[in-house]
Structure formats: structure tokens, C-alpha cells
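# A look at the structure
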Amino acid sequence: MSDRDALLDLVRQTRAHVEWLRDSGLEFVDTPPTRTASADPAPSADAPAEATVDAPAGPTRTAAARIVPDSTATDSLVVPEVRSATSLPALRDAIGDCQNCKLAPHRTNLVFGVGNPEADLVFVGEAPGHDEDRRGEPFVGRAGQLLTDIIVKGMKLRREDVYIANIIKCRPPQNRNPEADEIA
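Residues numbered from 1 in each chain as written. Predicted model: local features only at pLDDT ≥ 70, side-chain atom pairs only at ≥ 80, totals over all residues. Heavy atoms only, no water.

### Here's the deal with the environment of Leu10
Within the element layout of this structure, Leu10 appears in helix α1 (residues 3-23). Once the C-alpha coordinates of Leu10 and Leu147 are considered, the two residues, 137 residues apart in sequence, prove to be 9.7 Å apart. (Helix = DSSP H or I, 4+ residues; strand = E, 2+ residues; numbered from the N terminus.)

### A closer look at the pattern of salt bridges
Oppositely charged side chains can form a pair if their charged atoms are brought close together. As enumerated under the stated definition, the model contains eleven salt bridges in all. In this structure, Glu179 engages Lys102 in a salt bridge whose closest nitrogen and oxygen atoms are separated by 2.6 Å. On the criterion of sequence distance, the pair formed by Glu179 in the loop between β5 (163-166) and α7 (180-183) and Lys102 in the loop between α4 (88-95) and β3 (114-115) is long-range, its members being 77 residues apart. By relative accessible area, Glu179 is classed as partly exposed at 34%. In this structure, Arg176 and Glu179 form a salt bridge, with 3.8 Å as the shortest nitrogen-oxygen distance. For Arg176, a relative accessible area of 27% translates into the label partly exposed. In the salt-bridge network here, residues are joined through shared partners; they are Lys102, Arg176, Glu179, Asp181 and Glu182. (Salt bridge = Lys/Arg side-chain N within 4 Å of Asp/Glu carboxyl O. Buried < 20%, exposed > 50% of the residue type's maximum accessible area, 1.4 Å probe, protein only.)

Structure representation (C-alpha cells):
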């Protein structure tokens, strides 16, 4: 599969995910204004030219999922240590080998986040896939290879400099979309 085909596949998957979020009660929230190229001061004559991209006209909007399942159905799944965890390592320790929801019997490994817990940039996927379930690490399959290329080649960062996780920690059967109670 070429890089272009992999990117197109990722775009198709992203679109399907956004449509699923919309169907699940997605709401939109305003984001801070984006700086435009025209707002930048003029470069000095001896400064190297930099490529700029104009921001879109009008307000920028981004999606924020507001999926709120019935808390009485999920409160029994969360142990007190999870609610009181104050760091990612403490949260990982509290989760342990969680067997509290209907996904646990179907997974091979719990897939917790990886990377820098103090990172300024976080990538959050929907759910682990087959490769992630097998290795116990998020974004290690084809989409993960593309994400790593974007981080390393495009953003000039190391994968270890960002934090990468999924909304849920167990692979749903047959890679189906996670259900609201599983997200909770």
C-alpha cells in the first residue's frame, strides 16, 4: 500500500469516526481564533523566507464529543483507586488487569497510553485494533506507522515526545465501534 493510499484510508476512517460521533450526540464548540499569515510582522530583508498558510475565513469550529451514558450503569465498573489516581502511572496501576467490563474477555492485552505524560501534544484514538491488542501498545498497526511518520517526518518530533492513547483500553470484538457504556 502506498503512502497516498494509506493516507486516503486514514481519511476514510476519520470521516466514518466523525459521522459516528455526530450520530452519538456530537456537539460543536468554538476554538480560539487561528493566527493568519497577514497578522505576522514583515520579515527583515536578511531573514530567511518561511512558508505560511492562511487561516480559513470565519470562525473555526472543532468537534467535541458529548457522549454521556447513564452513570448508574457504569459507576460499578470504576474502582475507587481509578477515580483517585493523580498521575498516569497511578492510573495504570489502579487499572491493573481490569476485568470489569464486557470487553475484557475478548482482549489479549489491555492497551494503555504510551509516550511522555507531560507532553504538549496528545493523540487519542478510538479503540485498539488487532496489532495493538496483540502488543499492548496503541497505534502500532498500519495507522500507527502512518502516525509515527507524521510525528517524526512531518512534525520533526520523536514518538516518545508526544502521548498516544485510545478512548477505550480493550479491543472491541470484530473491531466494531465502541459502545457508550464501554467509552464510559
